[in-house]
Amino acid sequence: MALESPSVGSTRILYEPDGSRQKIKNPRGLTCQGAKVDDLSAPRRLDVSEDNTEQHPEWLVRELLKQNRRRHSVNLGDNLLVVRQQRRIISSTQSLKEFEMAGLKCIDVKKFGRIVKKCLPNTSNAQIQGLFKKIDYSGQGQISWAEFCTHMLQEYKEREEIERCHKRVAFILPATTNASGHGVPVVNIDFSHDGAIVTLREDGLNEGPANRKSKWASDFIVMTECNKLMIGTGDREIQLYELSTLDPHCQINALDTVPLTLNYSYLGPDSFCILYGDTEGCVAIILISSVGDTLRLWNKLPKVDNIPNITMDNAVLSPNVTFIRWKVHHDWVTQVKYVHSLQAVVSSSNEESSSVVIGCLLPLTDAEQQLIEIREECYEGKSKKIQLSWSPQARASCDQRIFRVYKGVRTFDVCQKHSLLVTGGMDKLIRLWNPHFPGKPTGILKGHCAPILFLCVSSEDSQIFSVSVDNTVKIWHLEDQCCLFTAEPRASRIHGEVSACRYSAAMKSLYVSADSMAALSLKLSPQLHSRLTVSHNEPVTCCGFSEEFRQVVSCTDGSVVKVWDFDSGRQVFEFGVSKDLAPITCVTFDPEGRRLITGGADGCLNIWNSNNGLCLKTLKRDGERHEVCDCIFLKVHRKSFVMSVGRSRRIDIYSDVLEDLHHVQRPLTSWQDDLTNGHKEAILCVAQCPPSLLATGSYDGEIIVWNVVSGRIQCRFDSRLSSEHQDPDTSVPSMVFVKNFQDFSSTPALLSSGSKGCLNLWSVLNGGKFVSSFRASKFQQKITKLAKADKAALLYAADIIGYIYVYSTDKFPSEQKSLKAENFWRAHTSTVTGLQIVDNDQVVLTSSADCTVRLWSARGKFIGTFGQQERWSVHIPSSWMHPSVPFEVLIDPLSLPDHKVLNVKTRRGEAINPDKDSG
């Protein structure tokens, strides 16, 4: 015996046998009204809340499906109704396809609306137009039947893939192993109340009391409630030890057979049962009431081999003990367990006729009365000696349910949450059963290439852990009935013959005993503070807004793209998680706001249909590629282009031609000035001033203004020469063209971020010149993002510690060195990575590396964080978040008021005597 420290790490209706109905939780989301057979293998239905129906095209399919709801039982008089329903759904589908059958390759929104209303008369025009726009991502004004089918299938495919990815789980490989090893097989693994791992070798020579006689051990189990360790031995004994000290407490010997597998369960206050299966296929049950008194009495009995001993014949004479032995199987019992939710004993065997049997604990026939009479005679002390009958009894057929499995069952587990019996054995299959109906399994999981040795069900995570003879470990999803992860022995480094296995829900680890003890720990996503509301589980790198669909898009380091409803803050869609994509670094929309363009760390641009997650095209260079830092969509002479800049120090221009059906597109020929006289360092940002000006800023502080028509350099600036501060960070992470400044009312000016939180103003005409500079960040922190509100003539600047500053462009003279902000507030606790002004709604959209995307009023009132539970309405201030400061911003030290008492740079003497010159 040893104590080791753990390694790091809708309802459905079922029929009871008596004919009564019972409601149990449905893991697949199906509702069976009066169902006779529980079907877990039925196709899964997407769970979409009602508030999504206005925004998603799936309302169309859902409405069609409502006309043909699935029936689990059909009465004799329902045949005509079923035929009518089938005709209706066929007619609806034919109506949607009629324009193709009529020879029309494409239809416009009016014809599409008439067809949809023919199928679904109650559909609103807004729903129809919204769906049409999402299918017509290119803005051509027409769609085909193929495009309609592609859109619907792709959206549902992405949704299922996202659900699967959210359930994705994996082990940390290789496994953590105990270098010492056991040498002798371990019969079982269990855990104490404090989380320590308890193991026992077959020879019983693990650490324990020195005066204990070594015996062959068949099984053991930790009895947490009474702090005992119960061991079954090859000498037909059941031994009890103190768990904390491993001192022997008592033993029951002279059993008729060897207890191969042990289990126990508490049945009520101070009462429990001991169960064991033997070599004769019998399940023995020892019921003990008044457990404390009974065990104390046995502890005072004479010792045999230094342990208090009582024979089974004498133990059953106690009024607190009831014994019964059931003949259940025709082969050795491989596992036995008492299940509280079933109030029954579950046992398994390797023979087919009774592979798994679920039966009552005590007889429900006249045998129960016989046991009562025996107990009464013992209590009254009559002279008649009662002999214990070891002859096993057979349960009545109504007292048990038999499950027959090809080649029998080696291991099983019961999921009480989903009311499922999970079995595995020699045929390499995992079967899922409704424990109330032993006819056929509700699901079969295939994947193992060797017999299955152990099964563990984690009900809280809806997962099944299985281990096979070839040391392969698999994780299955209980509801979806699919394999989530496979750990091959070469990757897990589990070698030797597996003898024991146990899953710890507390440690989120699977412990496997072979040549040595191995711990397979689950990879856990980082858990953020419970009081914090986040939009993503990883840093947000950029965000964008589509005016066409009134949707916000946010992207992360993990290549996850989330689409949010701008007016309510709820998540609409998510994609990208299932693809082998590099971290997304920048994002923009096409002028129509229908296609999304993302740039990645792999040097590629991807064009997406953001409404269904379909990647329309990939833009990339030949040869070596470097990270894309920024991208824009521009038009020159009525032609559309996608432009990207990054660490390649070059400007890549791609022609946006919808007729080009090639999935991968290469850039156009580079500008000659870009090749010979362009940037020497990585280009971090790009800004456009229609119709012909373009500015790029680099890591070394250089700014180049280009003429996009000719491709020639118009002027260039060095922001290092304009800085009065010595700052090693000379990069230009953001720029914006501005108009309507004093002295710049007719010509554009360029505003760029400089050193020490300053903003630099440049004139771009007549060769260009430096105009002025002013400090924008109150805390002298780098300005990372700039944005302008054209209607309100406001300039917004965001810095590296999450502050947003608002300046009026009307009050900015060319010679003034300092300018007071109209307003400022702390929006995030980390770097602001996205800043966009939605002019029509007078709101500000921000994203940050603190994993949040937020919406603010033009003056800094907090509307909400995308992903929060509460919904908002942009134009109803009473629906905005209160208080008007996010919790994590409120408690952050940098959010403290600017007072010299709180300023860490202020000396103590100045804080105590503010009016005294400390000199």
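Residues numbered from 1 in each chain as written. Predicted model: local features only at pLDDT ≥ 70, side-chain atom pairs only at ≥ 80, totals over all residues. Heavy atoms only, no water.

Peer 1: Kindly report on the overall build of the protein chain, identifying the contributing residues and their values.
Peer 2: Assigned secondary structure in the protein chain consists of 14 helices and 58 strands. Carbon and sulfur atoms form 49% of the exposed surface of the protein chain, whose accessible area is close to 42700 Å². (Helix = DSSP H or I, 4+ residues; strand = E, 2+ residues; numbered from the N terminus. Areas by Shrake-Rupley, 256 points an atom, 1.4 Å probe, with all protein chains shown as cover.)

Peer 1: Tell me what's going on with the pattern of salt bridges, and back it up with residues and numbers.
Peer 2: Counting across every chain of the model gives 30 salt bridges. For the salt bridge of R594 with E548, the shortest nitrogen-to-oxygen distance reads 3.6 Å. Here E548 lies in the loop between β31 (540-546) and β32 (551-556) and R594 lies in the loop between β35 (584-589) and β36 (595-600), a separation of 46 residues in the sequence. Here the salt bridges share partners, and the residues they tie into one network are K133, D136, E548 and R594. (Salt bridge = Lys/Arg side-chain N within 4 Å of Asp/Glu carboxyl O.)

Peer 1: Summarise unusual backbone geometry; cite the residues concerned and give the values.
Peer 2: With an omega of -5°, the peptide bond running from L173 to P174 counts as cis. Here P174 lies in the loop between α6 (145-166) and β4 (176-177). A cis amide bond links P690 with the next residue in sequence, P691, at an omega value of 10°. Following the sequence through the fold, P691 ends up in the loop between β43 (683-689) and β44 (693-698).

Peer 1: Any chance you could break down the pairing of strand β17 (residues 344-349) for me, citing the residues and the numbers?
Peer 2: With six of its six residues buried, β17 lies for the most part within the structure. Alternating positions in β17 separate into two faces, A344, V346 and S348 on one and V345, S347 and S349 on the other, with burial throughout. Across six bridges, the pairing between strand β16 (residues 333-339) and β17 is antiparallel. From the neighbouring strand, V339 faces β17, where its bridge partner is A344. Alignment of β17 against strand β18 (residues 356-359), held across four bridges, turns out to be antiparallel. Within the sheet, the bridge partner assigned to V345 lies in β18 and is G359. The loop that links β17 with its antiparallel partner β18 comprises six residues. (Buried < 20%, exposed > 50% of the residue type's maximum accessible area, 1.4 Å probe, protein only. Pairing = 2+ DSSP bridges.)

Peer 1: Talk me through the pairing of β43; I want residue IDs and the actual numbers.
Peer 2: With six of seven residues buried, β43 is to be regarded as a mostly interior element. Relative to β44, β43 runs antiparallel, the two being bridged by six bridges. By the bridge assignment for β44, C685 is matched with G697. Here β43 hands over to β44 after three residues, the two strands then running antiparallel side by side.

Peer 1: Report on the sheet that holds strand β14 (residues 309-311), specifying residues and quantitative values.
Peer 2: Overall, mixed pairing links the five strands, which are arranged β7-β8-β9-β10-β14 in an open sheet. Each end of this open sheet is capped by a strand with a single partner; those strands are β7 (217-223) and β14. Here the strands of the sheet are splayed against their neighbours by 15° on average, with no regard to which way each runs. Relative to β14, strand β10 (residues 248-253) is paired through three bridges, and the arrangement is parallel. Bridge assignment links I252 to a residue of β14, and that residue is I310. (Axes fitted to C-alpha atoms, helices over the stretch in contact; angles between N-to-C directions.)

Peer 1: Help me get a handle on the packing of aromatic side chains, residues and values and all.
Peer 2: According to the stated counting rule, one finds 26 aromatic pairs in the structure shown. Look at F717 and W762: their rings are 4.6 Å apart centre to centre, the planes differ by 25°, and that puts the pair in the stacked class. Taken together, the residues span a long stretch of sequence, with F717 in strand β46 (residues 712-718) and W762 in strand β49 (residues 758-763) at a distance of 45 residues. Residue F717 shares its accessibility class with W762, and that shared class is buried. Three or more aromatic residues joined by ring pairs make a cluster, and in this case those are F112, F132, W145 and F148. For the cation-ring pair, R410 lies above F454, with the distance from its terminal atom to the ring centre recorded as 5.6 Å. (Phe/Tyr/Trp six-rings, centres within 6.5 Å; stacked < 30°, edge-to-face > 60°. Lys NZ or Arg CZ within 6 Å of the ring centre and 35° of its normal.)

Peer 1: An account of the sheet that holds strand β38 (residues 614-619) is requested, with residue identities and associated values reported.
Peer 2: The pairing of strands in a sheet happens through backbone hydrogen bonds and is either parallel or antiparallel. The sheet built from five strands is open, its strands ordered β35-β36-β37-β38-β42 with mixed pairing. In this open sheet, the two edge strands, each paired with only one partner strand, are β35 and β42 (664-665). Judged from the five bridges that link them, β35 and β36 form a sheet pairing that is antiparallel. Bridge pairing in β36 places I584 opposite G600.

Peer 1: Any details on helix α4 (residues 109-119)? Residues and values, ideally.
Peer 2: Those residues of α4 not exposed but buried are F112, G113, I115, V116 and C119. Projected down its long axis, α4 carries its buried residues within an arc of 165°, all on one side. Exposed side chains of α4 directed beyond 90 degrees from the buried face belong to K110, R114 and K118. (Arc of directions from axis to C-beta.)

Peer 1: Describe the packing of α4 against helix α5 (residues 125-135), naming the residues involved and giving the relevant values.
Peer 2: The interhelical angle for the contact between α4 and α5, taken along N-to-C directions, is 125°, at an axis separation of 10 Å. Between α4 and α5, the interaxial angle falls into the category oblique. Considering how the two elements wind past one another, α4 and α5 form a crossing that is right-handed. Here V109, F112, G113, V116 and K117 of α4 come into contact with α5, specifically with N125, I128, Q129, L131 and F132. The residue makeup of the contact of α4 with α5, split by class, is six nonpolar, three polar and one charged. (Parallel < 35°, antiparallel > 145°, perpendicular 65-115°, else oblique. Left-handed = near helix turned anticlockwise from the far one by under 90°. Contact = heavy atoms within 4.5 Å. Nonpolar A, V, L, I, M, F, W, Y, C, P; charged D, E, K, R; others polar.)

Peer 1: Provide a residue-level description of the nonpolar core, including the pertinent values.
Peer 2: M230, I238, Y276, I286, I288 and W298 are the most contacted members of the largest nonpolar core, which totals 26 residues. Setting aside its immediate chain neighbours within four residues, I288 contacts D270, S271, F272, I274, T294, W298, N320 and V321. Grouped together as the second largest cluster of nonpolar side chains are 24 residues, F465, F485, A487 and V498 included. (Core = buried A, V, L, I, M, F, W, Y, C linked by side-chain atoms within 4.5 Å.)

Peer 1: Just give me the short version of the environment of S459, but keep the residues and values in it.
Peer 2: Summarising the element assignment, S459 is placed in the loop between β24 (452-458) and β25 (463-468). Residues S459 and A505, spaced 46 residues apart in sequence, show a C-alpha to C-alpha distance of 9.4 Å. Aside from chain neighbours lying at most four places away, what touches S459 is C415, Q416, K417 and H418.

Peer 1: Mind laying out α5, listing which residues take part and the relevant values?
Peer 2: Taken together, the buried positions of α5 are occupied by Q127, I128, L131, F132, K134 and I135. Angularly, the buried residues of α5 cover 165° about the axis, an arc narrow enough to put them on a single face.

Peer 1: Got a sec to walk through the state of the cysteines? Specific residues and values, please.
Peer 2: Per the stated rule, a full pass over the model turns up zero disulfides. Cysteine C226 shares no disulfide, and the gap to the nearest cysteine sulfur, in C250, comes to 9.7 Å. A relative accessible area of 15% means that C226 is categorised as buried. (Disulfide = S-S within 2.5 Å.)

Peer 1: Help me get a handle on the environment of S734, residues and values and all.
Peer 2: The topology assignment puts S734 in the loop between α12 (719-722) and β47 (735-738). What S734 contacts, discounting residues up to four positions off in sequence, is C685, L751, S752, S753, T784, K785 and L786.

Peer 1: Give me the lowdown on the environment of G183, citing residues and values where you can.
Peer 2: With respect to the element layout, G183 can be found in the loop between β4 and β5 (186-191). The spacing of G183 and A514 is 331 residues in sequence and 9.0 Å in space, taken between C-alpha atoms.

Peer 1: Run through the side chain of T865, naming residues and quoting values.
Peer 2: For T865, the position within the fold is in strand β58 (residues 862-865). For T865, a relative accessible area of 3% corresponds to the buried category. Separated by 2.9 Å, the side chains of T865 and R854 make a polar contact. Beyond its immediate chain neighbours, meaning those up to four positions away, T865 contacts T533, S535, T852, V853, R854 and W872. (Polar contact = N/O pair within 3.5 Å; in protein donor to acceptor, adjacent residues only side chain to side chain.)

Peer 1: Tell me about the confidence of the model for the protein chain, and please be specific about residues and values.
Peer 2: With 78% of its residues at a pLDDT of 70 or more, the protein chain has an overall mean of 81. Across residues 901-919, confidence stays below pLDDT 50; counting only partners more than four residues off in sequence or on other chains, it has seven contacts. (pLDDT = per-residue confidence, 0-100.)

Peer 1: Break down a nonpolar patch on the surface for me, with residues and values.
Peer 2: A cluster of nonpolar side chains, namely V885, L890 and I891, defines an oily patch on the protein surface of about 270 Å² accessible area. With a relative accessible area of 33%, V885 lands in the partly exposed category. (Patch = residues over 30% accessible without salt bridge, like charges linked within 9 Å, V, L, I, M, F, W, Y side chains within 5 Å.)

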